[in-house]
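Here's the letter readout for the chains.
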Amino acid sequence: MKTLRAKNALILNLAYSGVVSVIFILLSANEFWEGDIEGGISNLLFPFPLILVIAFGSIRIYCTHWIKYGNGKVVIKRVSKERVNGRAVVGKWKNREDTFMLEEIEAYGLSWQVLGHYVEYHRSSGRSLTTEVFFKLKNGKKIGYETVYYTRRGEEEFFRYIYEGTGLELQK
């Protein structure tokens, strides 16, 4: 079985923290140039806790979000909350892992564009860039996952696997 890992969570978050760190390093260099040693040191030290927090969060996402597929089976692992009437259910985030066979898939596509709503509430659901793919199974169950965490190439390979096994294309 192949595993599609949440590599984009690592790449994007560490890139953003790297940009912020470079800005603070340049500010620090400017402070040193102007003779403000305390300001230079504080600007130089600020990025380190920021990078640690972002790296920890990114690694946590990487470990808790993945998709395994092969041998006619799909396993989706993610952290999310239930949605009721378009709102997240109050309570803790749940680690979810759903396993289903290719022959169980009735349809799949982009939740907002096809259904007009999201299936699950994800950590990035409050942002405007949220994109969720859903799977509707023949028993009526709907499973959703965030696409922002996965690379485009990895998802294309995953969708090709589903198409070859079911003949169904991603609904956009």
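Criteria and thresholds
Residues numbered from 1 in each chain as written. Predicted model: local features only at pLDDT ≥ 70, side-chain atom pairs only at ≥ 80, totals over all residues. Heavy atoms only, no water. Pairing = 2+ DSSP bridges. Helix = DSSP H or I, 4+ residues; strand = E, 2+ residues; numbered from the N terminus. Axes fitted to C-alpha atoms, helices over the stretch in contact; angles between N-to-C directions. Contact = heavy atoms within 4.5 Å. Buried < 20%, exposed > 50% of the residue type's maximum accessible area, 1.4 Å probe, protein only. pLDDT = per-residue confidence, 0-100.

Chemist: How should I be thinking about the sheet that holds strand β9 (residues 142-146) in this particular structure?
Modeler: The strands making up a sheet are joined through hydrogen bonds of the backbone, oriented either antiparallel or parallel. Across the sheet, which stays open at both edges, the three strands sit in the order β6-β8-β9 with antiparallel pairing between neighbours. The open sheet has two edge strands, β6 (105-110) and β9, and neither has a second partner. Geometrically, the sheet is characterised by an average inter-axis angle of 15 degrees between neighbouring strands, direction not taken into account. Along the sheet, helix α5 (residues 152-166) makes contact with β6, β8 (132-137) and β9, crossing β6 at roughly 155 degrees.

Chemist: Even after reading the chapter, I still don't get unusual backbone geometry, so can you show me in this structure?
Modeler: What you tend to see is this: most non-glycine residues have negative phi, and most peptide bonds are trans. In this structure, asparagine 71 is a non-glycine residue whose phi angle is positive, near 55 degrees. Looking at where asparagine 71 falls in the secondary structure, it is placed in the loop between β2 (66-70) and β3 (73-84). You can call asparagine 71 exposed: its relative accessible area is 71%.

Chemist: What is the right way to look at the confidence of the model for the protein in this model?
Modeler: The predicted coordinates should not be examined in detail at positions where pLDDT is low. Considering every residue of the protein, the mean pLDDT works out to 89; 97% of them sit at 70 or more. When pLDDT is averaged over each element of the protein, β2 comes out on top at 96 and strand β4 (residues 87-88) at the bottom at 78.

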